Amino acid sequence: MTDSAQSFRSAFHGFNREDVVRFLETTVAKHGAQVRELEDEIKRLEGELEQARQKENPQMPEELDALRKENDALKKQVEELENQLTDPEPEPQQDQQWEAEELAAYRRAENVERQARTRAAHLNEKINILMEELTNRLEGSGLAIDAATESMGKALEELQTALDGAKNILSSGVETLHSLEQEEK
């Protein structure tokens, strides 16, 4: 028998009480099963949400920190080299070898500075790319979280609807039982 086509045997003063009780027990069991299914669905969706969060690249923040530290170290090295160029320690030597060494040192310092700036620019570019990738991944995760949240919301609405239906059926059954008890008296 289906819920909508439930028929009860007639009894003196109304319906057969055992049929009504059996119907109510069956209905409560069905709704309990639906509630458990919906609760299981919610748990599954929460698990999927947690897995989506864990799939994020856990190494990205570490790589970003390492690149930032390296960039800071290179900036410090550039500052030190600039200080050496602006504050040379004068040595009172006048031979041409000293001038050649000083010129070679100056050129090496310029070369190191140029390389440091190039490397710093390259690292800065890498950091920007990583930040862009991280932003894109976070946006993707946000969309996945939004979808999971929407799905959970729908599951919760279905659960609420099922619970409301069960409450209505139970209230109706209780009223029917009360009226049967009063009729028997």
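Structure first, text after, so check above.
Keep in mind the model is a prediction, meaning the values are calculated, not measured.

Things to note about the overall build of the protein
Summing up its helical and strand segments, the protein has 3 helices and 2 strands in all. When the elements of the protein are put in sequence order from the N terminus, they spell out β-β-α-α-α. Taking the intrachain contacts of the protein between residues at least 6 apart in sequence as the baseline, contacts between residues at least 24 apart amount to 84%. Summed over its atoms, the accessible surface of the protein is roughly 14100 Å², and 51% of this surface lies on carbon and sulfur atoms.

Observations concerning the nonpolar core
Val35, Leu38, Ile42, Leu45, Met152, Ala155, Leu159 and Ala162 together form the largest nonpolar core, which totals 8 residues. Taken together, the elements giving at least two residues each to this core come down to helix 1 (17-54) and helix 3 (96-184). The residues touching valine 35, leaving out its near neighbours within four places in the chain, are Leu159 and Leu163. Grouped together as the second largest cluster of nonpolar side chains are 5 residues, Leu67, Leu74, Leu123 and Leu130 included.

Side note on the environment of asparagine 124
With respect to the helices, strands and loops of the structure, asparagine 124 is situated in helix 3. With a relative accessible area of 38%, asparagine 124 lands in the partly exposed category. The spatial distance from the C-alpha of asparagine 124 to the C-alpha of leucine 67 is 8.2 Å, given a sequence separation of 57 residues.

Here's the deal with the pattern of salt bridges
If you walk through the whole model with that rule in mind, you get 6 salt bridges. For the salt bridge of lysine 154 with glutamate 150, the shortest nitrogen-to-oxygen distance reads 3.5 Å. With lysine 154 and glutamate 150 both in helix 3 and 4 residues apart, the pair spans about one turn of that helix. Look at lysine 154 and you get partly exposed, because its relative accessible area is 46%. Salt bridges sharing common partners tie together Glu18, Asp19 and Arg22.

Quick word on the environment of alanine 121
Tracing the sequence through the fold places alanine 121 in helix 3. Taking the C-alpha atoms as reference points, alanine 121 and asparagine 71, separated by 50 residues in sequence, lie 8.8 Å from one another.

Parameters at a glance
- Residues numbered from 1 in each chain as written.
- Predicted model: local features only at pLDDT ≥ 70, side-chain atom pairs only at ≥ 80, totals over all residues.
- Heavy atoms only, no water.
- Helix = DSSP H or I, 4+ residues; strand = E, 2+ residues; numbered from the N terminus.
- Contact = heavy atoms within 4.5 Å.
- Areas by Shrake-Rupley, 256 points an atom, 1.4 Å probe, with all protein chains shown as cover.
- Core = buried A, V, L, I, M, F, W, Y, C linked by side-chain atoms within 4.5 Å.
- Buried < 20%, exposed > 50% of the residue type's maximum accessible area, 1.4 Å probe, protein only.
- Salt bridge = Lys/Arg side-chain N within 4 Å of Asp/Glu carboxyl O.

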